[in-house]
Amino acid sequence: MTPPRATCRLQLHREFPFDAAVEAVPYLAKLGISHLYASPILSARPGSTHGYDTVDPGAINPELGGAAGLDRLSQALRRHEMGLIIDIVPNHMAAVAENPWWWDVLRLGRASRHADHFDIEWADSDPELRGKVLLPCLGDRLEACLERGEISLAEAGGERVLRYFDQCFPVDPRSQGSAPSALLQQQNYVLASWREAATRINWRRFFDINQLVALRMDRHAVFDDYHRLILDLSRQGVVDGVRVDHVDGLADPIGYCRRLRAALGPEVYLVIEKILHADERLSADWPIHGTSGYDFMDEVSAVLHDPAGEVTLTGLWQSLSGDRRAFAAVAADARREILDRLFPRQRDRLLGALRAMRLRADDAALPKAVDELLSALRHYRTYGGESGFDSGDALELEFAANTARPLLNTAAAAALAEICRVLPKAPVRQRFEQLSATLTAKAVEDTAFYRYSRLLSRNEVGSDPGTLALPVERFHGNAAARCSAFPATMLATATHDTKRGEDHRARLAVLSELAEEWRAQAIRWSGQYPAPDPAVGLMIWQTVVGAWPPDFDAAAFHQRLETWLVKALREAKQRTAWDDPDEGYERACKGYLAYLFDPMRGFLAEAAALVEKIAPAGIRNSLAQTVLRLTMPGVPDLYQGTEFWDFSLVDPDNRRPVDFAVRASGLAEGADLALLLKEWRDGRIKQAVIARLLAFRRRHAALFAEGSYEPLAVSGERADRLIAFARRRSGEALIVVVPRLTAGLETTVGPVWSGTRVAFAATEATDLLRARRVQIGPEADAGLMLDALPLCVLYASVR
């Protein structure tokens, strides 16, 4: 099977099942999509809105339509010559009664066939938990719940169960008696308050979620049981590709991918959800097509930011927040805090593995050394083996150790050296790497990103908020490396997990070009409309400006922002949090948002004026980003509905229903793109560019699958404001030129680019976005290439 030409990610759930996807297939085929890319389809927790809480990997989710519904979707896709890629979740399952594996473990304990399917510490150091599973599911202490009669004996499905409100727990068939308190003493689990999870949990969770239990996917029996249906669907031709969720949570991600590749065969498309640091590259050891695209998302956003605005933006953030730390320090502090707050038990397990190695170090110094090493890491995790780490991982560990060492006393520094010496050993390495991945996700993306608001367009999954911009040269270098190593990797600009919509980020990027003007505006607002917390105020203002929809409805926008605001405040975990909400503080912040939306106050009019000014440059960023995603090495992925403008907020906002009928009726085949650009607010210009380039990809699939990537030299006054490259393959070439940093230009088409030239061999070419033939080279005038439309994609026959 050849890799997909283009994918479209759909979020399936009870309100949008397989049959709803079937209805969207004809439109997606017409748009130019080759493969539907679906969220998890295996049986999930009842009512799940996302599918990442699997309860039975041996069944298709009945809420999506079951096997019959999947068959209808498969047939619809085949009729339109499309394929299906599915998201799978081998790291964890739902720890709920509906999960037969989990139920069996709770019922029979170590005697269960599935006892070793889950990452449970059966030999726990806590005597009460040895041979048992902690269930931190109560709203109070166990004794208090029993005293109030909240736990009772009942019958369900012909067996005795214990009930706690709507939760149900099995009773070991060997148990005797009927009093709940006596029965609980005989079970293979221990009920406890949810507040005890962090310090007592004896099984690995997905992050800190008590309803998701990690699997031992490194065990062959677990791999076979989990993947049986997935592999059957692949062999039957129903599934053409797989995306692996949270691969870094597994004990041996590369080993897992090797086994999955062997089971799927060499042709099945295989990508992983993997967050790469700016200096991190996938090694050739990974038998995959690439990642799900967060690395490209970071790069294409960063190259559209102006580095000249960094000093001003940093100064604004520091003056309003009072926090002078660089983002790296904010992230490191968050790591220390979250390690202690959410994952002390997982850290204890790591320390136990280290102590079992009989290190030549002061035992009391180990915790501090471990904490600082974990806090200094920048990568999600390493991928070591008994022979050590590859060069990239070795450099990352050396960086982390060098960063941690000055913060340690003599004993702790000696302990750090010993830790680094034994890290390649399997028990220690596994504990360290899995904790590192979990800690990075929760402390950085889900905490530090909400504490640092210099420019929110850079606070995105896969990005480093401390890095404002990316030079064009590095952007080209990364693309060339991708073309060489993983030419079929996914290219994403929006996903179900992104913090902000792709066009939301593209608009905010303009503020990096107008940093002084933005600073002055923010300072005025801080005086005119003082927030309960100035840092929160800056975060709100940016979000209002970035997410401002073309079809502005004040009440609807206010409601969306309020939902986002509460989540942002709780994720920051500073004044309020999910596990300890401060309702008074949240009311004050929501009240401030309502104050801003009071039309009598003037803020909305001022924000609207700023949006009106920066929106055109933001749209140019959006269109440039779209063209780059569709033409650079890799497989472009379209997140559901984002062929129209995507000014969304973090979930659940970015998972709102999509009206595919409206999009289908709006598809303007053969329309004049310059005219559509003038009416940009309806989003049809973006959709039309996507459709036109995907149609070309269909006709010239080999050029994109096999073509080279060659940066083109740009000269002249505005050379730094263009991104230009060519894709070549045996007699044909694609030439792409898009602008960047256009906010300060009096116009962005025609004469403003005259004198700026793009080097390419003289030839005649077809202009794909203007439906005309043009003569270019040996140095093409950018003014002619970018007339009427600030985008240029040419196709030429070359020698």
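Structure first, text after, so check above.
Participant: I tried to follow the overall build of the chain on my own but got confused; where do I start?
Facilitator: Looking only at helices and strands, one finds 28 helices and 27 strands in the chain. Summarising its shape, the C-alpha atoms of the chain cover approximately 90 × 60 × 55 Å along the three principal directions. For the chain, the proportion of its 799 residues judged to be buried stands at 62%.

Participant: Would you mind showing me how to read the environment of Glu717 here?
Facilitator: Positionally, Glu717 belongs in the loop between strand E20 (714–715) and strand E21 (722–729). Taking the C-alpha atoms as reference, Glu717 lies 9.8 Å from Val752; in sequence the two are 35 residues apart. Excluding residues within four positions of it along the chain, Glu717 makes contact with Gly755 and Thr756.

Participant: Mind showing me how you'd approach the sheet that holds strand E6 (residues 92–94) here?
Facilitator: Across a sheet, paired strands are connected by hydrogen bonds in the backbone, their directions being either parallel or antiparallel. Strand order in the open sheet made by the three strands is E6-E13-E12, with antiparallel pairing throughout. With one partner strand each, in any of the chains shown, E6 and strand E12 (205–206) form the two edges of the open sheet. Bridge count for E12 against strand E13 (residues 209–214) is two bridges, and the pairing is antiparallel. Note on E13: the bridge partner recorded for Phe206 is Ile209.

Participant: Just checking my understanding: could you explain the layout of surface pockets for this structure?
Facilitator: If a probe the size of a water molecule is rolled over the atoms, the empty space left behind becomes visible. Size it by volume and the largest pocket reaches roughly 1,500 Å³. Around the largest pocket, the lining comprises 46 residues; the ones closest to its centre are Phe207, Asp208, Ile209, Lys442 and Asp446. Counting only elements with at least two residues in the lining of the largest pocket, the list comes to helix H6 (197–200), E12, E13, helix H11 (327–342), helix H16 (426–445) and helix H21 (554–572). Considering only residue class, the lining of the largest pocket consists of 18 nonpolar, five polar and 23 charged. Reported here for the second largest pocket is a volume of approximately 820 Å³. If you go around the second largest pocket, you meet 44 residues; those closest to its centre are His277, Phe327, Arg378, Ser463 and Asp464. For the lining of the second largest pocket, the secondary-structure elements that each account for two or more residues are helix H9 (294–302), H11, helix H13 (366–376), helix H14 (391–404), H16 and helix H17 (472–485). Its residues placed into classes, the lining of the second largest pocket shows 21 nonpolar, 10 polar and 13 charged.

Participant: Can you walk me through the sheet that holds E20 in this structure?
Facilitator: Pairing within the open sheet is antiparallel, and its three strands lie in the order E20-E23-E26. Looking at which strands have only one partner, the edges of the open sheet turn out to be E20 and strand E26 (779–781). Both E20 and strand E23 (residues 757–759) contribute to a ladder of two bridges, which runs antiparallel. Paired with Ser715 across the two strands is Arg757, which belongs to E23.

Participant: I keep staring at helix H8 (residues 253–264) and nothing clicks. Help me out?
Facilitator: Helical periodicity: at 3.6 residues per turn, an α-helix aligns residues three or four positions apart in one direction. Along its 12 residues, H8 runs 16 Å from first to last C-alpha, staying within 8% of the 16 Å computed at 1.5 Å per residue. Those residues of H8 that sit buried are Pro253, Ile254, Tyr256, Cys257, Leu260, Arg261 and Leu264. Seen from one end, H8 has its buried residues packed into an arc of 155 degrees, which puts them on one side. Buried positions along H8 lie against strand E5 (83–88), helix H7 (220–235), strand E14 (241–244) and strand E15 (269–272).

Participant: I tried to follow the packing of helix H19 (residues 515–528) against helix H23 (residues 603–631) on my own but got confused; where do I start?
Facilitator: Helix-helix packing: each pair is described by the crossing angle between the helix axes and the interaxial distance. At a minimum axis distance of 12 Å, the contact between H19 and H23 shows a crossing angle of 170 degrees. Judged on the interaxial angle alone, H23 and H19 are roughly antiparallel. Residues Glu517, Trp518, Gln521, Trp525 and Gln528 of H19 form the contact with H23, whose own contacting residues are Phe603, Glu606, Ala607, Leu610 and Lys613. For the contact of H19 with H23, the residue count by class is five nonpolar, two polar and three charged.

Participant: Hey, could you run me through H9 in this one?
Facilitator: In terms of burial, H9 is largely enclosed, as nine of its nine residues are buried. Contacts made by the buried residues of H9 are with strand E16 (290–291), H17, strand E17 (490–491), helix H18 (502–513) and H23.

Participant: Which parts of the structure should I look at to understand the pattern of salt bridges?
Facilitator: Pairs may arise between side chains of opposite charge once their charged atoms sit close together. Inspection of the entire model under this criterion finds 76 salt bridges. Salt-bridge contacts for Glu764 lead to Arg773; the nearest nitrogen and oxygen are separated by 3.1 Å. What makes Glu764 partly exposed here is its relative accessible area of 41%. Salt bridges sharing partners connect three or more residues here, namely Asp323, Arg325, Asp333, Arg336, Lys368 and Glu372.

Participant: Before we go on, may I ask you to explain unusual backbone geometry in this structure?
Facilitator: Generally, phi is negative for residues other than glycine and the peptide bonds are trans, each holding for most cases. Asp651 connects to Pro652 through a cis peptide bond whose omega is 10 degrees. Residue placement: Pro652 occurs in the loop between strand E18 (635–639) and helix H24 (660–666). Here Arg358, not a glycine, exhibits a phi torsion of approximately 55 degrees, which is positive. Within the element layout of this structure, Arg358 appears in the loop between helix H12 (344–355) and H13. Of note, the phi angle at Ala771 is positive, near 55 degrees, even though the residue is not glycine.

Participant: Would you mind going over the packing of aromatic side chains with me for this structure?
Facilitator: The description of an aromatic ring pair uses the distance of the two centres, along with the angle that the planes make with each other. Inspection of every chain in the model, using the stated rule, returns 27 aromatic pairs. Aromatic side chains Trp548 and Phe557 sit 6.1 Å apart centroid to centroid with 75 degrees between the ring planes, which places their arrangement in the edge-to-face category. Neither Trp548 nor Phe557 differs from the other in exposure class; each is buried. Members of the aromatic cluster, joined through ring pairs, are Trp518, Trp525, Tyr529, Trp541, Tyr592, Tyr595 and Phe603. Directly above the aromatic system of Phe399 lies the positively charged group of Arg378, at a separation of 3.7 Å from the ring centroid. When the ring centre of Phe704 is taken as reference, the NZ or CZ atom of Arg697 above it lies at 4.3 Å.

Participant: I would appreciate a short explanation of the nonpolar core in the present structure.
Facilitator: Ile41, Trp102, Val133, Leu191, Val242, Trp518 and Trp541 are the most contacted members of the largest nonpolar core, which has 234 residues in total. When residues of this core are assigned to their parent elements, the largest contribution, 14 residues, is made by H23. Non-local contacts of Val133, meaning those with residues more than four positions away in its chain, are made with Trp102, Val105, Leu106, Ile120, Trp122, Asn188, Tyr189, Val190, Asn202 and Trp203. Counting 23 residues, the second largest nonpolar core, distinct from the first, contains Ala724, Val737, Ala782 and Cys792.

Participant: Sorry, what's going on with the side chain of Gln187 here?
Facilitator: Looking at the element boundaries, Gln187 is found in the loop between helix H5 (180–185) and strand E11 (189–193). At 2.8 Å, the side chain of Gln187 and the side chain of Ser175 are in polar contact. Side-chain polar atoms of Gln187 contact the backbone oxygen of Leu183, separated by 2.9 Å. If near-sequence neighbours (up to four positions away) are discounted, Gln187 is found in contact with Lys132, Leu162, Pro170, Val171, Asp172 and Ser175.

Participant: Explain the pairing of E18 here, please?
Facilitator: Within a regular strand, the side chains alternate between the two sheet faces. Counting buried residues along E18, five of its five residues qualify, which places the element largely inside the surrounding structure. By the alternation rule, side chains of E18 split into Val635, Asp637 and Tyr639 and Pro636 and Leu638, which are all buried. Sheet topology note: the E17/E18 ladder contains two bridges and is parallel. Residue pairing across strands places Met490 opposite Val635, the latter belonging to E18.

Participant: What is the right way to read the pairing of strand E1 (residues 7–10) from this model?
Facilitator: Of the two faces of E1, the one holding Thr7 and Arg9 and the one holding Cys8 and Leu10 are both buried throughout. With three bridges connecting them, E1 and E18 associate as parallel partners. Looking at the pairing, Cys8 lines up with Leu638 of E18. Each parallel crossover has a hand, and for E1 linked through helix H1 (residues 18–31) to strand E2 (residues 35–38) it is right-handed.

Calculation criteria
- Residues numbered from 1 in each chain as written.
- Predicted model: local features only at pLDDT ≥ 70, side-chain atom pairs only at ≥ 80, totals over all residues.
- Heavy atoms only, no water.
- Helix = DSSP H or I, 4+ residues; strand = E, 2+ residues; numbered from the N terminus.
- Buried < 20%, exposed > 50% of the residue type's maximum accessible area, 1.4 Å probe, protein only.
- Contact = heavy atoms within 4.5 Å.
- Pairing = 2+ DSSP bridges.
- 1 Å grid on protein atoms, 1.4 Å probe; cavity = no way out; pocket = protein on both sides within 12 Å on 5 of 7 lines; lining within 4 Å.
- Points joined across faces, edges and corners; volume = space filled by probe spheres on them.
- Nonpolar A, V, L, I, M, F, W, Y, C, P; charged D, E, K, R; others polar.
- Expected span 1.5 Å × (residues − 1).
- Arc of directions from axis to C-beta.
- Axes fitted to C-alpha atoms, helices over the stretch in contact; angles between N-to-C directions.
- Parallel < 35°, antiparallel > 145°, perpendicular 65-115°, else oblique.
- Salt bridge = Lys/Arg side-chain N within 4 Å of Asp/Glu carboxyl O.
- Phe/Tyr/Trp six-rings, centres within 6.5 Å; stacked < 30°, edge-to-face > 60°.
- Lys NZ or Arg CZ within 6 Å of the ring centre and 35° of its normal.
- Core = buried A, V, L, I, M, F, W, Y, C linked by side-chain atoms within 4.5 Å.
- Polar contact = N/O pair within 3.5 Å; in protein donor to acceptor, adjacent residues only side chain to side chain.
- Right-handed = clockwise from strand over helix to strand, strands pointing away.

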